[in-house]
Amino acid sequence: MKILVYGSTFLTARTCQLLLTEGYNLVGYIPNTRPPAVPGKMPLPEVSPDTKHDLKLSIQYNQKIIEIKNAFNVHTGLLPEWGGSDILYHTIKKKAKEQGLTFHKMGSDYDFGPIICRTSYPVFPDDKIEDLYERLALLCPLFTLGSLKILNKIGFKKADLCFKKKPTLYLRGKIDLNELELYRKTKDILLKKFKEKTKRGIRLADGSILIRPVNQDDLESLRQLRNHPETRRFLTYNKVISKKQQHAWFARLPQNTSCQYLTIEKEDQFAGVIRLDEQDQANRSIRIGADIALKHRRQGIATRAYQLMLDYLFIKKRINRVWLLVADFNQPAINLYKKLGFKREGIQYQSLWRDKKWHHYLMMSILRKDYAKE
Ligand SMILES: CC(C)(COP(=O)(O)OP(=O)(O)OC[C@H]1O[C@@H](n2cnc3c(N)ncnc32)[C@H](O)[C@@H]1OP(=O)(O)O)[C@@H](O)C(=O)NCCC(=O)NCCS
């Protein structure tokens, strides 16, 4: 089923991230028409409303959707009691004891349509907007996933039979300038909170380069490096990658715990990528690979990046064998690996079909005992 997403807030982005990892076919998103208070980095391409789809999914979208056939909304309040805008603000103001999320089919009136699912979270007397927003952000992705699964089970027809009631509408415009300032602060606090929670993984630096986990801001540089003919010709899978495929790959990364992608930064610029995979913990062996951005090549960056990684793997992680595969016609890379102390272990014959002929992969490795001697 093709899903077209409406919205571009932090909640929309987090929810799409989960749906992509769960294999949902999100064809793209329509951004909010005004910059949202808490914006998100959408893991999907921006598309036009006439993009082919079976279902519209709106999450904190700020405009009325005109064509509402098979359109569903994730409303950030419990319906029908809490319709309209700025629900979190009104929740605190009215000293409510609970708030929640509602997944409903869209009708021609605002927040009024058959309710498929609702879920709630507690509200305490000392809560601030950011506390409620944090609860929302934790709940929304899984709630939306569950709601879509239920919708899939009951089907569009039965969705029309679900309970509906005219909602109480809370209106925007009652918020004064101080409160708007509060929203802005909320945004900063939240973005920091969630960033801190996701900040983990390897960080290595030698005063000249920094190695850290790949993040969303790297995706386009990474894609361009990956798609450049001077990189692609050496890769096993050498088809051009689209923006959509790149985003979907990134969204799936957290699930792939056996493979790590690290960005090499030089003077705050993307300079390349390192991949660690085939981790064999029982035998303390791992595979490594790296590609350097074109404008950064032949400046010693790969040499420094490998030295940092080998120090880290052999000394800190107590790995015993680091290995790699390199195409037999990739002379620059073979020279680099020899210079670093890698030795040829064997040949994978005719393992690469490129330019209408077979090529071999050379298998090379460096052992802990030999690295220590260097
Ligand atoms: C191979 C690659 C990683 C080298 O990165 P780099 O940062 O340019 O390498 P360095 O500047 O650290 O060079 C280190 C050594 O590699 C070898 N080397 C690098 N580029 C070379 C080239 N164009 N021709 C011949 N040797 C080359 C040299 O031995 C060099 O040492 P030297 O400068 O003392 O001669 C980079 O060219 C690249 O990303 N290539 C495309 C993707 C790729 O092949 N990835 C590896 C797949 S196995």
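Within each chain, residue numbers correspond to sequence positions counted from 1 in written order. Side-chain atom pairs in this predicted model are given and counted only at pLDDT of 80 or more, local residue features only at pLDDT of at least 70, and totals for whole chains, interfaces and linings cover all residues.

## Regarding the site of the ligand
Going by this rule: Proximity of a residue to a molecule or strand is defined by its backbone-placed C-beta atom lying within 6 Å of that partner. Secondary structure elements follow DSSP: runs of H or I no shorter than four residues count as helices, runs of E no shorter than two count as strands, and numbering proceeds from the N terminus. The residue classification treats Ala, Val, Leu, Ile, Met, Phe, Trp, Tyr, Cys and Pro as nonpolar and Asp, Glu, Lys and Arg as charged. All others, Gly included, are polar.
What surrounds the ligand is a group of 21 residues, the closest being A302, T303, P332, N335 and L336. Elements represented by at least two residues in the shell around the ligand include exactly β13 (285-292), α8 (301-316) and α9 (331-340). Here the shell around the ligand takes six residues from α9, the largest share from any one element. A per-class count over the shell around the ligand returns nine nonpolar, eight polar and four charged.

## Section: helix α7 (residues 243-252)
To keep it simple, the criterion reads: Put simply, a residue is buried when 20 or more other C-beta atoms lie within 10 Å of its own C-beta and exposed when 12 or fewer do; between those, it is partly exposed, and each C-beta is set from the backbone. Here, the arc refers to the directions that run from the helix axis to the C-beta atoms.
Within α7 the residues assigned to the buried category are H247, F250 and A251. Along the long axis of α7, the arc covered by the buried residues comes to 100 degrees, so they all point the same way.

## With respect to the environment of A305
To keep things clear, this is the line we draw: Placing a C-beta atom from the backbone of each residue, one calls two residues in contact when those atoms lie within 7 Å.
For A305, the position within the fold is in helix α8. Linking A305 and L210, residues 95 residues apart in sequence, is a C-alpha distance of 8.4 Å. A305 has contacts with I209, I211, I264, G272, I274 and A290, leaving out every residue within four places of it along the chain.

## Observations concerning the nonpolar core
Stated formally: Any nonpolar core is a set of buried residues, restricted to Ala, Val, Leu, Ile, Met, Phe, Trp, Tyr and Cys, that join up through C-beta atoms within 7 Å.
Formed by 41 residues in total, the largest nonpolar core has its most connected members in V5, C16, L26, Y133, L136 and C140. Considering every element that reaches this core, the biggest residue donor is helix α3 (residues 129-159), with seven residues. Not counting residues within four places of it along the chain, the set of residues in contact with C140 comprises L11, R14, T15, V74 and L101. With 34 residues, the next largest nonpolar core counts L262, A271, I286 and L324 among its residues.

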